[in-house]
Amino acid sequence: MTEPTPGPGFRPRAALAMSPDVAPAVLDAESLAALAALCDLAPPPALDDLTTPRARTLLADVDLLVTGWGCPPLDADVLRAAPRLRAVVHTAGSVRGHVTDACWERGIEISSAAAANAVPVAEYTLAMILLTGKQVLETACEYRASRTRPDWLRTPRSVGNHRRTVGILSASLIGRRVVDLLRPHDIDVLLHDPYLAEHEARELGVERVGLAELFRRSDTVSVHTPLLPETRGLVGRELIDSMRPGAVLINTARGAVVDQDALTDAALAGRIRAVLDVTDPEPLPPDHPLWRCEHVLLTPHLAGSQGNEWRRLADLALAEIARWASGDGFLHPVRRERLAFLA
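Predicted model only: the values in this text are computed from it and were never measured.

### So, helix α13 (residues 310-326)
Right, so step 1: Across its 17 residues, α13 extends 25 Å between first and last C-alpha, which sits within 8% of the 24 Å expected from 1.5 Å per residue.
Right, so step 2: Among all positions of α13, only Leu313, Ala314, Leu316, Ala317, Leu318, Glu320, Ile321, Trp324 and Ala325 are buried.
Right, so step 3: The elements touched by buried residues of α13 are α1 (22-26), α2 (29-38), β3 (64-67), β4 (87-90), β5 (109-112) and α6 (114-133).
Right, so step 4: A positive phi of about 95° marks glycine 327, the residue just after α13.

### Let's talk about helix α12 (residues 260-268)
Right, so step 1: Where α12 is concerned, the buried positions are Gln260, Ala262, Leu263, Thr264, Ala266 and Ala267.
Right, so step 2: The backbone nitrogen of aspartate 261 lies 3.2 Å from a side-chain oxygen of the residue at the head of α12, namely aspartate 259.
Right, so step 3: Immediately beyond the C-terminal end of α12, within one or two residues, lies glycine 270, with a positive phi of roughly 75°.

### What about the sheet that holds β3?
Right, so step 1: Strand order in the open sheet formed by five strands is β2-β1-β3-β4-β5, with parallel pairing between adjacent strands. The two strands at the open ends of the sheet, each matched to only one other strand, are β2 (40-41) and β5.
Right, so step 2: As paired strands, strand β1 (residues 13-17) and β2 are joined by two bridges and run parallel to one another. When the sheet's bridge partners are listed, alanine 14 is paired in β2 with leucine 41.

### Quick look at the nonpolar core
Right, so step 1: Counting residues in each nonpolar core, the largest one holds 28 residues, and the members touching the most others are Phe215, Val235, Ile240, Leu249 and Leu263.
Right, so step 2: Looking at this core, the elements with two or more residues in it are α10 (211-217), β9 (220-223), α11 (237-241), α12 and β11 (273-276).
Right, so step 3: No other element matches α12, which puts four residues into this core.
Right, so step 4: Each residue touching isoleucine 240, except ones within four places of it in the same chain, is listed here: Val235, Val258, Asp259, Ala262, Leu263, Ala266, Arg271 and Ile272.

The rules behind each value
- Residues numbered from 1 in each chain as written.
- Predicted model: local features only at pLDDT ≥ 70, side-chain atom pairs only at ≥ 80, totals over all residues.
- Heavy atoms only, no water.
- Helix = DSSP H or I, 4+ residues; strand = E, 2+ residues; numbered from the N terminus.
- Expected span 1.5 Å × (residues − 1).
- Buried < 20%, exposed > 50% of the residue type's maximum accessible area, 1.4 Å probe, protein only.
- Contact = heavy atoms within 4.5 Å.
- Polar contact = N/O pair within 3.5 Å; in protein donor to acceptor, adjacent residues only side chain to side chain.
- Pairing = 2+ DSSP bridges.
- Core = buried A, V, L, I, M, F, W, Y, C linked by side-chain atoms within 4.5 Å.

Encoded structure:
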């Protein structure tokens, strides 16, 4: 008997594969009800070990896995236990942690909520660009210490966001979203991405520049490149030392993209400022000098979706499942040939 395929009236059998703590955070009661209306959904808890007898029983019958943070790798052994599996919908960004070569070789369709997760990261980045341009954090600390309003007529002309130059490293989903958010502001935007064509830069309304020029000319550099073997340590000492005095480095990508020792030296010397939502490792050791550096703001990897922003991830995943089940395919597919360019 031929198995039913996605199309009108198709109702996939589905299971959740993610950390049991993640599932109720990302998929609230309303989202789970909407998911159950689209699928024959296996009851909780979510699967975080795909080798147990319960997992193997569920895998034998599923058409679709709804994955999230904490999903184990979907390797060849797992896929042998899931002969009907046709699609994976990820309720977070990167699929690198669980989608393996075996998935691509089997022809399993993959979708990710990376586009939804890009929104809060870009919003965080915009906020930090504007706050650091205005030197809000430093001024607030001085104000708290002095309890005296500074003479605003003596504010240096280096303070402010009018005609500030912001360099975006990588035309990723998040990098492009930051460019969009910067558009209403009087800010000049440079962008470096070796895979970006000149006509694409014109369409984005940015100036395409080389990597060294990006760091040399920018008042703020915002890092949005994925961590790949060729991007590890990409932002090295020479680039950091070439930044303008008082310039800002923002990193919401991965800590290992930046030479942390070189950044630490430059920040401790007061030559540059930094906003780091990611470090290498996370968190830094308790005695690391960046904790005490007045020129650095450290945040605990919070730029991505949190709290009510998780609903955006769930809504995108639900929309993808509805499209796929109806036979329309994914709006946000992850392609194997593009995996090397994704976070």
